[in-house]
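# Observations on the three-dimensional arrangement
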Amino acid sequence: MSAARWAAVALLAAVFLIALAANLFAPAPYAKQFRQDLNHPPTQQYPLGTDELGRDRLSRLLYGMRISLLLAPAAALLSTLLAAIVGGAGAYIGGVWDRLTNVVINLFLSLPWLFLLLTVRALLPLDVPALTSVVITFALLGTLGWAASARIVAATVRDLRNSEFVLQARASGCPSLRLLLRHVLPNVKPILIAQFWISVPLFILTEANLGMLGLGVTEPLPSWGNLLRELENYGALAHRPWLWAPLISLVLVMSLFQFILSGEEYAS
Amino acid sequence: MKAGDRLIGSSAEVRIKRRSSPCVLLVLIAFCFSACSRPAQTTGELRVTIKSDPKTFNPLMAEDDSSDIVRYLTGGVLIRVNRKTQENQPELATSWTIDENGRRITLNLRPGIKFSDGTDFTAEDAVATLKAALDPNLHSPKGDAFRAGGAATVEAHRKDKISIEFEHPIAGLERLFDEIAISPSRMAGKADSSVVLGPFSVGEQKAGEYVLLRRNPYYWKRDDSGHQLPYLNAVRLYVLSNRDTELIRFRQGDIQLINSMSPDLYEQLHSEDASAARDLGPSVEPEELWFNEVRKSPLPEYKKNWLRSRNFRRAMSMAINRADLARVALRGHATPSIGIVSPANRFWFNQNLQPTPYDPNGALELLKQDGFRKDGDVLKDKAGHPVSFSLITNAGNKPRERMGSLVQQDLQQIGITVNFIPLDFPSIIERVTRTFNYDAVLLGFTNVDLDPNAQMNVWLSSADLHEWNPAQKIPETQWEAEIDKYMRAQASTLDRKQRKLAFDRVQEIAAEESPTIHLVDKNALVAVSPRVKNADPVVLTPQTYWNIEYLSLGK
């Protein structure tokens, strides 16, 4: 691994550590409202200023990163695993199972997710703590967001199943399980990893959008998603550039992930 | 006229006559001239927005905001509620009398009026329109309040005199005529605002884009100089649901008036052009919070007991810092509510009510009376349940979402956990009106009518919109029975003082029992382009163009 990649790994690890230890680095509790200091510009007391309710922006960003960095990858992992199991298994077995998998994937892709999520939210109790609400939200995203990835995984496995080297292995008497583990899975791995990393920012942004409908992370808990909602106020962005901080940090973290990942892929 | 009859509106009638009498010659010239050219002061096209396409152009069927705006701008009415003075003023009726038992109103019609197509306005047109409004088969929303008076007889006595007799008296009857736009008798009940008695008629509509209202060349009103009104040639109502885009178009000069702005957009505009952004002070649009008191709701019994407790509700009211809600959530463009009626409703507001103090310790004392106790930072009821409830509001309304967060922190200070959840609006309506699966809700209301009669559908315990516990067969509490009694009392007398006394008492009971916690009265925030002349915005709708006939456009 190159020095640049090591630096990226170190930086990403530092971001994770800071986010995980947000309570140590945050200047104030994330929900504390300093009502006399609304929309305060950055100062020593408030390094990134305060929001419209007087809450310290840096504290909210650190806690928000912690929630998103833990839960969005968890949801992405769940959805990628489901995609691998449903899409990969169906395509690998082939025949009726492959067709059935296709039907299920198409069905999931054609469902109006927004309305389905609203219905699911309506069925959940209202009086649940904010943390439970956020775990439910990301669990829903992970459980319901696998279909697009599954289609790609299925197509890849289908190609591999009919590829010459797999046919040759099969003709040589290679058992099915060994074929799957030694020949198919290693070739699907880059696809799964790519789908995983594509899903992470997607889930963070989806959570932000769901927040508009009461399905996302609820107040006063911060998340990257609900911090990004402040960028809707584009009129204020020119005068208050520190509002860009959540977006810049998101882009930075995602870029670091991609940079490290691309090296891994090339190496593999 | 019988001895007991009251003559109302006569002074205003004199004022209008006095205006026109020295200008007879001018009026005659203008009248002759109007057929071939416009008055000297007629100016361009005013552009404003409506949130959606009007659902109907039939003024009797107008229910949504957009249809109602078209009705206001095109409809000629017998009596108008002046949006500035909040008093009744003569329009197509020059004067009116109500008999002493309040069941019969007689109206004298203004002579020489023409519809926008040049045909004469007669008593027949007024009678036909009123009969259509009263027709139960038409289901006119504008006729609902009239139909509350039971069976009615509408008669034309002469060409310029009509009367309506109701089975039961209707308090505040005159104000109801403000909603009834008179249409030609041949179109009564199925009018389309193309032939009207108001300042404009519907000229053109492009669905999803705009509605164009054209000047009524036969409009009867004239200004002090004798020029025929309105000054404007046309009003274009752009269909635009996005409030941010509305402000952008206002800044670009594409639209000239905005009737209602959020505090955030108002602040944006004010920072760029302080003269265009106007804060008119408290409106009649309160923000309120109420708890679910429905017995059959699916909430656990212990929680039902909290929410139905007067002490609990009053404690919540005392623990919320209303001044902060006004200052932080609404950027200072609101005032803490004193009661269920805004001070902007000058006559009906009960001046004797005292504001609820912000007093978290007092709130805890009240809660102690019900057996609640602090266990560390957590408030628990006498059975040991930690006090926690959900508060829902409509997602996307930023000031309201800020209010929810502030309430959450205020109540946290007395050990209560509030799970604040913005939801989509249909879900809220479903929960509040059908499933009753909610703890507390934060919403805002617009009072379209200042008269308490218009709030019978909220305050009567049997009413479907009785927010905290709707459609009760018999009042479930003593104080609700009392409110019912006073609301009915104010509705059954014509004596304004008696009505005021009864409604004052309703306000006092509501303050004592706090079934709805009125938080703040929002200020009316509007935008007026410097191009618009004679603009005199008010807190009642339509705020900026209530005097549309007098508005004109400069360069």
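We now turn to the structure provided with this report. (Residues numbered from 1 in each chain as written. Chains lettered and ligands numbered in written order. Predicted model: local features only at pLDDT ≥ 70, side-chain atom pairs only at ≥ 80, totals over all residues. Heavy atoms only, no water.)

## A few points about the overall build of chain B
Each helix and strand in chain B was counted, giving 17 helices and 22 strands. The C-alpha radius of gyration computed for chain B amounts to 25 Å, which stays within 12% of the reference 24 Å derived for 555 residues, consistent with globular compactness. Summarising its shape, the C-alpha atoms of chain B cover approximately 85 × 55 × 40 Å along the three principal directions. Counting only residues that meet the buried cut, chain B has 57% of its 555 residues in that class. Contacts in chain B between residues at least 24 apart in sequence constitute 68% of all its contacts with a sequence separation of at least 6. Carbon and sulfur atoms make up 51% of the accessible area of chain B, which amounts to about 22,800 Å² in all. (Helix = DSSP H or I, 4+ residues; strand = E, 2+ residues; numbered from the N terminus. Rg over C-alpha atoms; globule rule 2.2 N^0.38 Å. Buried < 20%, exposed > 50% of the residue type's maximum accessible area, 1.4 Å probe, protein only. Contact = heavy atoms within 4.5 Å. Areas by Shrake-Rupley, 256 points an atom, 1.4 Å probe, with all protein chains shown as cover.)

## Focus on the overall build of chain A
When you go through chain A residue by residue, the secondary structure sums to twelve helices and zero strands. Counted from the first residue to the last, chain A has its helices and strands arranged as α-α-α-α-α-α-α-α-α-α-α-α. On the principal axes, the C-alpha backbone points of chain A span a range of 75 × 50 × 30 Å. The buried share of chain A, taken over its 268 residues, is 46%. Residue pairs at least 24 apart in sequence account for 69% of intrachain contacts in chain A once pairs closer than 6 positions are excluded. Averaging the positions of the 18 positive and the 14 negative side-chain charges in chain A gives two centres separated by 7 Å. (Lys, Arg positive; Asp, Glu negative; His and termini not counted. Charge placed at Lys NZ, Arg CZ, Asp CG, Glu CD.)

## Details of a nonpolar patch on the surface
Residues and elements named next belong to chain A. A cluster of nonpolar residues, Ile93, Trp97, Leu100 and Val104, forms a patch on the protein surface that exposes about 400 Å² of accessible area. Top element by residues in the nonpolar patch is helix 4 (residues 96-110). It accounts for three residues. Mapping Trp97 onto the fold places it in helix 4. A relative accessible area of 52% means that Trp97 is categorised as exposed. (Patch = residues over 30% accessible without salt bridge, like charges linked within 9 Å, V, L, I, M, F, W, Y side chains within 5 Å. Salt bridge = Lys/Arg side-chain N within 4 Å of Asp/Glu carboxyl O.)

## Focus: the packing of aromatic side chains
What describes a pair of aromatic rings is the distance from one ring centre to the other and the angle between the planes of the rings. Summed over the entire model, instances satisfying the criterion amount to 20 aromatic pairs over all chains. The interplanar angle of 25° and the centroid separation of 6.2 Å between the aromatic rings of B:Trp306 and B:Phe312 together place this pair among those described as stacked. With a relative accessible area of 0%, B:Phe312 lands in the buried category. When the centroid spacing of 4.8 Å and the interplanar angle of 90° are considered together, the rings of B:Phe347 and B:Trp348 count as edge-to-face. Overall, the relative accessible area of 31% leaves B:Phe347 in the partly exposed class. Ring-pair connections join several aromatic residues into one group, and the members of that group are B:Phe291, B:Tyr302, B:Trp306, B:Phe312, B:Phe372 and B:Phe389. Directly above the ring of A:Phe34 sits A:Lys32, whose terminal nitrogen or CZ lies 5.9 Å from the centroid. The aromatic ring of B:Phe347 is capped on one face by B:Arg496, whose charged end is 4.0 Å from the ring centroid. (Phe/Tyr/Trp six-rings, centres within 6.5 Å; stacked < 30°, edge-to-face > 60°. Lys NZ or Arg CZ within 6 Å of the ring centre and 35° of its normal.)

## Description of empty space enclosed by the protein
All names here are of chain B. Within the structure shown, the criterion is met by six cavities of 30 Å³ or more. Volume-wise, the largest cavity comes out at about 140 Å³. Surrounding the largest cavity, 15 residues form its lining, Ile338, Thr356, Ala511, Thr516 and His518 being those nearest its centre. Counting only elements with at least two residues in the lining of the largest cavity, the list comes to helix 10 (310-319), helix 17 (496-513) and strand 20 (516-528). Across the lining of the largest cavity, the residue classes tally to five nonpolar, eight polar and two charged. (1 Å grid on protein atoms, 1.4 Å probe; cavity = no way out; pocket = protein on both sides within 12 Å on 5 of 7 lines; lining within 4 Å. Points joined across faces, edges and corners; volume = space filled by probe spheres on them. Nonpolar A, V, L, I, M, F, W, Y, C, P; charged D, E, K, R; others polar.)

## Some words on the pattern of salt bridges
All names here are of chain B. Enumeration according to the criterion identifies 52 salt bridges over all chains in this entry. Arg327 is the salt-bridge partner of Asp324, the closest N and O atoms lying 3.1 Å from each other. Of the two residues, Asp324 and Arg327 are both situated in helix 11 (residues 322-329); the distance of three residues between them amounts to about one turn of the helix. Asp324 sits in the buried class, given a relative accessible area of 12%. What makes Arg327 partly exposed here is its relative accessible area of 30%. Across the pair Arg505 and Glu482 runs a salt bridge whose closest N-O atoms are separated by 3.6 Å. Of the two residues, Arg505 is situated in helix 17 and Glu482 in helix 16 (residues 478-491); the sequence distance between them amounts to 23 residues. Taking the relative accessible area as the measure of exposure, Arg505 reaches 23% and is therefore partly exposed. A cluster of three or more residues bridged by salt bridges with shared partners is formed by Glu45, Arg47, Arg236, Arg249 and Asp254.

## Details of the nonpolar core
One broad rule of soluble globular proteins: the nonpolar side chains tend to lie buried together. A:Phe138, A:Val200, A:Trp224 and A:Val253 are the most contacted members of the largest nonpolar core, which has 44 residues in total. Secondary-structure elements contributing two or more residues to this core are helix 1 (3-20), helix 3 (57-93), helix 6 (130-144), helix 9 (176-211), helix 10 (224-228), helix 11 (234-237) and helix 12 (245-267) of chain A. The contacts of A:Val200, once residues within four sequence positions are left out, are A:Ala72, A:Pro73, A:Ala76 and A:Met254. Core analysis: the next-biggest nonpolar cluster, separate from the first, contains 40 residues, B:Ala363, B:Leu366, B:Leu442 and B:Ile517 among them. (Core = buried A, V, L, I, M, F, W, Y, C linked by side-chain atoms within 4.5 Å.)

## Let's talk about the environment of B:Phe121
Residue and element names in this part refer to chain B. Of note, Phe121 is situated in the loop between strand 6 (104-109) and helix 4 (123-134). The spatial distance from the C-alpha of Phe121 to the C-alpha of Arg186 is 12 Å, given a sequence separation of 65 residues. Among residues more than four places away in sequence, those in contact with Phe121 are Leu92, Leu109, Arg110, Ile113, Lys114, Phe115, Ala126, Ile182 and Leu197.

## A closer look at helix 7 (residues 243-251) of chain B
Residues and elements named next belong to chain B. Regarding helix 7, the residues found buried are Glu246, Leu247, Arg249 and Phe250. Here the buried residues of helix 7 occupy an arc of 165° about the axis, which is enough to place them on one side. Buried residues in helix 7 make contact with strand 2 (43-50), strand 11 (232-239), strand 12 (257-258), helix 8 (263-272) and strand 20. Within two residues after helix 7, Gly253 carries a phi angle of roughly 85°, on the positive side. (Arc of directions from axis to C-beta.)

## Considerations on the environment of B:Leu423
Residue and element names in this part refer to chain B. Mapping Leu423 onto the fold places it in strand 18 (residues 417-423). The class for Leu423 is buried, based on a relative accessible area of 3%. Here the alpha-carbon distance between Leu423 and Gly396, two residues 27 residues apart in the chain, equals 8.7 Å.

## A word on the sheet that holds strand 2 of chain B
All names here are of chain B. Read from one edge of the open sheet, four strands run 2-11-10-9, paired in mixed fashion. Where the open sheet ends on each side, the last strands, each with one partner, are strand 2 and strand 9 (200-206). Neighbouring strand axes in the sheet, compared pairwise and without regard to direction, differ in orientation by 20° on average. When strand 10 (residues 210-215) meets strand 11, the two strands line up antiparallel, connected through five bridges. Residue pairing for strand 11: Arg214 is matched across the bridge by Ala234. The strands that helix 3 (residues 65-74) touches are strand 2, strand 9, strand 10 and strand 11; relative to strand 9, the one it contacts most, it runs at about 145°. (Pairing = 2+ DSSP bridges. Axes fitted to C-alpha atoms, helices over the stretch in contact; angles between N-to-C directions.)

## A short note on the packing of helix 3 of chain A against helix 7 (residues 147-161) of chain A
All names here are of chain A. Two numbers describe how helix 3 lies on helix 7: the axes approach to 8 Å, and their chain directions differ by 30°. Regarding the angle of helix 3 to helix 7, the classification is roughly parallel. The interaxial crossing formed by helix 3 with helix 7 has right-handed handedness. For the pair helix 3 and helix 7, the contacting residues are Ala83, Ala84, Gly87, Gly88, Ala91, Tyr92 and Ile93 in the first and Ser149, Ala150, Val153, Ala154, Val157, Arg158 and Arg161 in the second. Looking at the contact of helix 3 with helix 7, its residues break down into nine nonpolar, three polar and two charged. (Parallel < 35°, antiparallel > 145°, perpendicular 65-115°, else oblique. Left-handed = near helix turned anticlockwise from the far one by under 90°.)

## Looking at the interface of chain B and chain A
Facing 34 residues of chain B, the contacting portion of chain A comprises 28 residues. Counting the surface lost from both chain B and chain A, the interface buries some 2,300 Å², and carbon and sulfur atoms represent 45% of this. Scanning the region where chain B abuts chain A turns up 14 residue pairs in polar contact (both at pLDDT 80 or more). The set of elements that each furnish at least two residues to the side of chain B that touches chain A consists of helix 7, helix 8, helix 11, strand 17 (388-394), helix 13 (398-412) and strand 18 of chain B. In the side of chain B that touches chain A, the residues fall into eleven nonpolar, ten polar and 13 charged. (Buried area = accessible area lost by both parts, 1.4 Å probe. Polar contact = N/O pair within 3.5 Å; in protein donor to acceptor, adjacent residues only side chain to side chain.)

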